[in-house]
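Spelled out from the first residue to the last, the chains are:
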Number of protein chains: 2
Amino acid sequence: MISQKMKQMVEQSAAMSAMFTEGKRLAAIYGAENVYDFGIGNPNVKAPASVNATAIEILQNMDSLKVHSYTDSSGIPAARKAIAESLNHRFGTNYDESNLVMTVGAAGGLNVILKVLLDAGDEVLTFAPYFGEYDNYVMNVGGVLHPVPPNPPDFLPDVDALSACITPKTKAIIINSPNNPTGVIYDAGTIEKIAAVLRQKSAEYGTDIYIIADEPYRELAYDGVEVPYIPNFYENTIVAYSFSKSLSLPGDRIGYLVIPSTVSDFAEVSMGAAIANRVLGFVNAPALQQMVVAKCCEETTDVAFYNANRELLYNALQEYGYSCAKPQGAFYLFVKALEDDDKAFCEKAKEYRLLVTPGSAFGCKGYVRISYCVARETIENSLPSFKALAESYKK
Amino acid sequence: MISQKMKQMVEQSAAMSAMFTEGKRLAAIYGAENVYDFGIGNPNVKAPASVNATAIEILQNMDSLKVHSYTDSSGIPAARKAIAESLNHRFGTNYDESNLVMTVGAAGGLNVILKVLLDAGDEVLTFAPYFGEYDNYVMNVGGVLHPVPPNPPDFLPDVDALSACITPKTKAIIINSPNNPTGVIYDAGTIEKIAAVLRQKSAEYGTDIYIIADEPYRELAYDGVEVPYIPNFYENTIVAYSFSKSLSLPGDRIGYLVIPSTVSDFAEVSMGAAIANRVLGFVNAPALQQMVVAKCCEETTDVAFYNANRELLYNALQEYGYSCAKPQGAFYLFVKALEDDDKAFCEKAKEYRLLVTPGSAFGCKGYVRISYCVARETIENSLPSFKALAESYKK
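The model shown is predicted, which means the values in this text are computed figures rather than measured ones.

(A) Summary view of unusual backbone geometry. Cis peptide bonds are those with omega within 30 degrees of zero, and the linkage from Ala128 of chain A to Pro129 of chain A qualifies with -5 degrees. The phi dihedral of Asp265 of chain A is positive, around 55 degrees, even though this residue is not glycine. In this structure, Asp265 of chain A sits in the loop between β8 (255-258) and α11 (266-279). Here Val283 of chain B, not a glycine, exhibits a phi torsion of approximately 70 degrees, which is positive.

Have a look at this one:
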């Protein structure tokens, strides 16, 4: 007999993992090349060559005992130092290894920091649409996620709506820019407004409100748009980063938390993060991967590849009559469904062998997410299907 | 402001991680070679050569996209199949990939299965002395760990005491054999008695009681002693396994859960485990490591090395007047402290540059754990200190 909560999760498990399975099922029937799976954020750009070369070099030349042993709960000091220096260089910060905690991806990092900050019943905010797992991550530690309502059609945060959502129980707000699922990047002015509201409400309630900046898509920005570095705008910011996208290492499960020395109760938050890594069962981020990203953290993925995918798909969908905000980052389009019910629209899309994710999985009905981190041919070959799908609604 | 629970954890954080830091501090003062750190279970035997060779082969020859991509939440099917077949061959079972879930070590596996099974307030039992992290793992999902009192001096489970601890809220019992910290292996007769009690109480209360067999030390058995395979004794057994010790890969964070098809509500437990892997932020066990252990799962570590350490240290301690049950497995001695207060004894030991862990960290006061997975010279060089420590109590 499984737990009541897990029973619900099994039932709701929904969009993300169902999509994964559905893609395989349709591929088995129609052939993989005839199914256009835009459901999953699995990068289609290879990791930089230096990643494998570095891993091989470590495995060949380093003392095997050291390669495979437990690391400190917060990670290998030299790896944390290398990343701290890279961040200092890029963002004018002044971090050292004490500000970094290596984690099992950003997902691990988010669970760690929520475990540190939240008591049962505490509230976390985020702007809808949002990555649906946030609900689970917050629930894991007994907290409650309150989404700030979506702000279509450009999906920039509605800061007044944020202000109205803050209560004395608000411990944190998760900000995800470049955003999954919209691709929107929050500009400096928006971040400043958010920071001002948080400062005002913290003062009003006598509380600390942390920004948790979930930044797996930081390096994926197009058209020369800059992604503001949120800790430089708001002192109580903790960053959760992942190399899943920037180095195309999603299966490797490697990322980090940045805990600036300026955050409230820095020493406790920092020690708590190391403890949380241990007690949540991560123990340490995978050791080999820590060493690899320490050497490769200044590398980045082939942003031009994603950009070409973005242009191709965005322009085609515009032409076929779909509407969507042109994304400046990440690798998703968030497109208005052609009927009110986004789930029904996704079912309809399947008839055209198109797999897309309903917006309701991101707290925003009436839209669908199209993940364009796929092979170029997938997009090219899918275009007639997108066209036919649009035309089926014009009849 | 961190959470109240985490505040307690920061305060209690205690033995395990304090030991780690303390070793480094003393090593800095006296030189690493003059500090005898028996505190941590970090194997001192290198991973089999095939591990690094396999990893390099994968990194050199396999499609890089596949090496680094997300895997199914429950793990790569081929890896699960390879391990299932290895288990079938060793234990006469009939598993396939549907019975395996790849996890971030046994620590990850335990958190996953507890997340699946427990509602808030549910109870989990374990025999003291026990790995202190069980308290945290159970607490993570709102459950309560009730230790069955220790049964010195041989530390075999007291099955009558177990029976008295079972209530209608008992969801599971964690069994850890070979045991950390005692090194005791539970024989077949003992497992049968435990199974009988669980069946009787399940029937009496109309509940399912699962055994969670935490088996990171399975391969570390000495004197030809066989470690009974608990699923063959009790149908509701789930195994949490780790390659941390068997292949000396603790930093790699790779292990698995075995969920036999015979467990109650198999389909839900199995699907729940995949979901729990995802929502707890593990997402998937590290992909490269999954592929490596799939190829190397029939390899094992140098048990003879640990056995020689065991004989050397056990015999010396006996000679100096310490008393302890001779361990048949794992790589720990659980030794009676030479004064009632085990923490005071550990402090006294530090004066002799000996780092050992108080039994109270394992729910068993008056004893200390000595981890002998260290270099041979560490044991050899430490013996005068152990002797002098014993003599200091005879004055």
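(B) Representation of the sheet that holds strand β6 (residues 210-214) of chain A within the structure. Residues and elements named next belong to chain A. Taking strand neighbours across the sheet as the criterion, the seven strands line up as β2-β8-β7-β6-β5-β3-β4 in an open arrangement whose pairing is mixed. Unpaired on one side and paired on the other, β2 (100-103) and β4 (144-148) mark the two borders of the sheet. Here the average twist between neighbouring strands, direction ignored, is 20 degrees. Summarising the sheet, strand β7 (residues 237-242) and β8 pair through four bridges and their orientation is antiparallel. When the sheet's bridge partners are listed, Ser242 is paired in β8 with Gly255. Contacts between helix α7 (residues 133-140) and the sheet are confined to β3 (123-127), β4, β5 (170-175) and β6, with β4 contributing the most and set at about 145 degrees to the helix.

(C) Quick peek at the packing of helix α6 (residues 105-117) of chain B against helix α7 (residues 133-140) of chain B. Residue and element names in this part refer to chain B. Two numbers describe how α6 lies on α7: the axes approach to 9 Å, and their chain directions differ by 35 degrees. You can see that α6 and α7 cross each other, and the crossing is right-handed. Residues Ala107, Leu110, Asn111 and Leu114 of α6 touch α7, and the partners they reach there are Tyr134, Tyr137, Val138 and Asn140.

(D) Molecular detail of the interface of chain B and chain A. Contacts between the two partners involve 77 residues from chain B, matched on the other side by 77 residues from chain A. Here chain B packs against chain A, burying approximately 6200 Å² in sum over the two surfaces, 54% of which is carbon and sulfur. Among the residues chain B hides against chain A, the three largest losses belong to Met1, His68 and Tyr70 of chain B. Together they make up 12% of the total. For the pair chain B and chain A, the number of links is four salt bridges. A salt bridge links Glu133 of chain B to Arg278 of chain A; the nearest nitrogen and oxygen atoms lie 2.5 Å apart.

(E) Spotlight on the pattern of salt bridges. As enumerated under the stated definition, the model contains 24 salt bridges over all chains in all. Taking the shortest distance from any N to any O, the salt bridge between Glu204 of chain B and Lys201 of chain B comes out at 3.7 Å. Of the two residues, Glu204 of chain B and Lys201 of chain B are both situated in helix α9 (residues 188-205); the distance of three residues between them amounts to about one turn of the helix. We classify Glu204 of chain B as partly exposed; its relative accessible area is 47%. A single salt-bridge network, built from bridges that share partners, covers Asp223, Arg310, Glu311 and Lys326 of chain A.

(F) Geometry of the UniProt feature "domain: Aminotransferase class I/classII large" (unreviewed entry) in chain A. The feature "domain: Aminotransferase class I/classII large" (unreviewed entry), as annotated in UniProt, sits at residues 34-381 of chain A in this numbering. Between the C-alpha atoms that bound residues 34-381 of chain A the distance is 8 Å, and the span itself is 41% helix and 15% strand.

(G) The relation of the copies chain B and chain A, seen in detail. Overlaying chain B on chain A yields an RMSD of 0.0 Å, the required transformation being a rotation through 180 degrees with an accompanying axial translation of 0.0 Å. Accordingly, the operation relating the two chain copies is best matched by a two-fold axis. Among all residues of chain B, the one whose C-alpha sits closest to the rotation axis is Ile56 of chain B, at a distance of 2.8 Å. The overlap is high: 100% of the interface residues of chain B also sit at the interface in chain A, so the same surface is used on both sides.

(H) Expanded view of the pairing of strand β3 (residues 123-127) of chain B. Residues and elements named next belong to chain B. By the criterion of burial, β3 is predominantly enclosed, with five of the five residues buried. Residues Glu123, Leu125 and Phe127 point to one face of β3 and Val124 and Thr126 to the other, with burial holding for every one of them. In this structure, β3 lies alongside strand β4 (residues 144-148), joined through five bridges in parallel fashion. Its bridge partner being in β4, Val124 is matched across the sheet by Leu145. Note that β3 and strand β5 (residues 170-175) share four bridges and pair parallel. Looking across to β5, one finds that Thr126 is bridged to Ile174.

(I) Local environment of the environment of Asn94 of chain A. Residues and elements named next belong to chain A. Tracing the sequence through the fold places Asn94 in the loop between α5 (77-91) and β2. Separated by ten residues in the primary sequence, Asn94 and Ala84 have C-alpha atoms spaced 8.0 Å apart. Among all residues touching Asn94, those that are not within four sequence positions of it are Asn88 and Asn99.

(J) Structural context of the environment of Leu114 of chain A. All names here are of chain A. Inspection of the secondary structure assignment puts Leu114 in helix α6 (residues 105-117). With 57 residues separating them in the primary sequence, Leu114 and Lys171 have C-alpha atoms 9.3 Å apart. If we skip the residues at most four places from it in the chain, Leu114 touches Val124, Tyr137, Val138, Val141 and Ile212.

(K) Examining helix α9 (residues 188-205) of chain A more closely. Residues and elements named next belong to chain A. The end-to-end C-alpha distance of α9 is 26 Å, a good match for the 26 Å that 18 residues give at a rise of 1.5 Å each. Those residues of α9 lying buried are Thr190, Ile191, Ile194, Ala195, Val197, Leu198, Lys201 and Ser202. Buried residues along α9 cover an arc of 165 degrees about the axis, so they all sit on one side. For α9, the exposed residues set more than 90 degrees away from the buried face come down to Lys193 and Ala203. Those residues of α9 hidden inside the fold are in contact with β3, α8 (159-165), β5 and β6. A distance of 3.1 Å separates the backbone nitrogen of Gly189 from a side-chain oxygen at the start of α9, and that oxygen is part of Asp187. Looking one or two residues past α9, Gly206 carries a phi angle of roughly 65 degrees, positive in sign.

(L) Main features of helix α13 (residues 303-320) of chain B. Residue and element names in this part refer to chain B. The end-to-end C-alpha distance of α13, which contains 18 residues, comes to 26 Å, matching closely the 26 Å that a straight helix rising 1.5 Å per residue would cover. Considered for burial, the residues of α13 that qualify are Val303, Phe305, Tyr306, Asn309, Arg310, Leu313, Tyr314, Ala316, Leu317 and Tyr320. The elements touched by buried residues of α13 are β9 (332-336), β12 (367-371) and α15 (376-392). Phi for Gly321, located one or two positions after α13, is positive at around 100 degrees.

(M) View of the packing of aromatic side chains. Residues and elements named next belong to chain A. Considering all chains together, one arrives at 39 aromatic pairs over all chains under this definition. Relative to Tyr367, the ring of Phe155 has its centre 5.2 Å away and its plane inclined at 80 degrees; by these criteria the two rings are edge-to-face. Residue Phe155 is found in the loop between β4 and α8, and its partner Tyr367 is found in strand β12 (residues 367-371); the two are separated by 212 residues along the sequence. For the pair shown, Phe155 and Tyr367 are each scored as buried. With a centroid separation of 5.5 Å and an interplanar angle of 85 degrees, the aromatic rings of Tyr217 and Phe331 are classed as edge-to-face. Separated by 114 residues along the polypeptide, Tyr217 in the loop between β6 and β7 and Phe331 in the loop between α13 (303-320) and β9 (332-336) bring together distant segments of the chain. Among the residues examined, Tyr217 registers a relative accessible area of 4% and is labelled buried. For Phe331, a relative accessible area of 0% translates into the label buried.

About the cut-offs
Residues numbered from 1 in each chain as written. Chains lettered and ligands numbered in written order. Predicted model: local features only at pLDDT ≥ 70, side-chain atom pairs only at ≥ 80, totals over all residues. Heavy atoms only, no water. Helix = DSSP H or I, 4+ residues; strand = E, 2+ residues; numbered from the N terminus. Pairing = 2+ DSSP bridges. Axes fitted to C-alpha atoms, helices over the stretch in contact; angles between N-to-C directions. Contact = heavy atoms within 4.5 Å. Left-handed = near helix turned anticlockwise from the far one by under 90°. Buried area = accessible area lost by both parts, 1.4 Å probe. Salt bridge = Lys/Arg side-chain N within 4 Å of Asp/Glu carboxyl O. Buried < 20%, exposed > 50% of the residue type's maximum accessible area, 1.4 Å probe, protein only. UniProt positions renumbered as here; feature names shortened; annotations may be inferred. Least-squares fit on C-alpha atoms with pLDDT ≥ 70 in both. Expected span 1.5 Å × (residues − 1). Arc of directions from axis to C-beta. Polar contact = N/O pair within 3.5 Å; in protein donor to acceptor, adjacent residues only side chain to side chain. Phe/Tyr/Trp six-rings, centres within 6.5 Å; stacked < 30°, edge-to-face > 60°.

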